[in-house]
Amino acid sequence: MLSILRAACISLTVLLLSACHTLQLGKDFDVHAFESRIERGVTTQNQVRGWLGAPTSSGVGVGTDGERFDEWTYYFAAGKLSDMSNANVKMLQVKFDKQGIVRGYNWSASGK
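Residues numbered from 1 in each chain as written. Predicted model: local features only at pLDDT ≥ 70, side-chain atom pairs only at ≥ 80, totals over all residues. Heavy atoms only, no water.

Novice: Where do I start with the overall build of the protein chain in this structure?
Specialist: Helices and strands together make up the secondary structure of the protein chain, namely three helices and five strands. The order of α-helices and β-strands along the protein chain, N terminus first, is α-β-α-α-β-β-β-β. Sequence-distant contacts in the protein chain: of pairs separated by 6 or more residues, those separated by 24 or more amount to 51%. Summed over all atoms, the accessible surface of the protein chain reaches about 7200 Å², with 53% contributed by carbon and sulfur. (Helix = DSSP H or I, 4+ residues; strand = E, 2+ residues; numbered from the N terminus. Contact = heavy atoms within 4.5 Å. Areas by Shrake-Rupley, 256 points an atom, 1.4 Å probe, with all protein chains shown as cover.)

Quick look at the structure:
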């Protein structure tokens, strides 16, 4: 979570320093292609890395039962700084168990 906040702060700083330029952060990825391939409890970290490349950030999450997960985050944002209301923003978080197997994921997108 801290890495997401750090990325958000960096993004905000870039936005404030650039008034009318086009901005692109992260590497674009296809969430629907990812969803068509992923199998919870089967897919490995190596497979995810092969499909999406290295994660933009990584960290550790703790489930409600105390189980620890490796979490990889991928994000992409692109748009004109003068009007970010039309920006394309996507984020994907993937959770892996101790054996490096996908336990779950969530994604969000701006819909642009």
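Novice: Help me understand the pairing of strand E3 (residues 68–80) in this model?
Specialist: In the case of a regular strand, side chains alternate between the two sheet surfaces. When strand E1 (residues 22–26) meets E3, the two strands line up antiparallel, connected through five bridges. Counterpart to glycine 26 in the pairing with E3 is phenylalanine 76. Bridge analysis of strand E2 (residues 57–62) against E3 gives six bridges, and the strand direction is antiparallel. Its bridge partner being in E3, glycine 59 is matched across the sheet by glutamate 71. A loop of five residues connects E2 with E3, the two strands running antiparallel in sequence, and glycine 66 in this loop sits at a positive phi of about 90°. (Pairing = 2+ DSSP bridges.)

Novice: How should I be thinking about the pattern of salt bridges in this particular structure?
Specialist: Proximity of charged atoms lets side chains of opposite charge pair with each other. If you walk through the whole model with that rule in mind, you get three salt bridges. Taking the shortest distance from any N to any O, the salt bridge between aspartate 28 and lysine 90 comes out at 2.5 Å. One end of the pair, aspartate 28, is in the loop between E1 and helix H2 (31–37); the other, lysine 90, is in strand E4 (residues 88–96), and 62 residues separate them in sequence. Residue lysine 90 is classed as buried on the basis of its relative accessible area of 14%. Note that lysine 95 and glutamate 71 form a salt bridge whose closest N and O atoms lie 3.9 Å from each other. A residue pair is termed long-range when its members are at least 10 positions apart, and lysine 95 in strand E4 and glutamate 71 in strand E3 qualify at 24 residues. Taking relative accessible area as the criterion, glutamate 71 reaches 18% and is therefore assigned buried. (Salt bridge = Lys/Arg side-chain N within 4 Å of Asp/Glu carboxyl O. Buried < 20%, exposed > 50% of the residue type's maximum accessible area, 1.4 Å probe, protein only.)

Novice: Help me understand the nonpolar core in this model?
Specialist: The nonpolar side chains of soluble globular proteins are, as a tendency, buried together. Counting residues in hydrophobic clusters, the biggest one holds 13 residues, and the most contacted among them are Phe29, Phe34, Val48, Leu52, Tyr74 and Leu92. Filtering out sequence-adjacent residues up to four positions away, valine 48 remains in contact with Phe34, Ile38, Thr43, Gly53, Trp72, Tyr74, Phe96 and Val102. (Core = buried A, V, L, I, M, F, W, Y, C linked by side-chain atoms within 4.5 Å.)

Novice: Looking at this model, I keep getting lost on the packing of aromatic side chains. Mind explaining?
Specialist: Aromatic ring pairs are defined here through the distance separating the ring centres and the angle between the ring planes. A complete count under the given rule lists four aromatic pairs for this structure. Taken together, the ring pairs in this structure connect Phe34, Trp51 and Tyr105 into an aromatic cluster. A cation over an aromatic ring shows up here: lysine 90 above the ring of phenylalanine 29, its NZ or CZ 5.1 Å from the ring centre. For the cation-ring pair, lysine 95 lies above phenylalanine 69, with the distance from its terminal atom to the ring centre recorded as 5.8 Å. (Phe/Tyr/Trp six-rings, centres within 6.5 Å; stacked < 30°, edge-to-face > 60°. Lys NZ or Arg CZ within 6 Å of the ring centre and 35° of its normal.)

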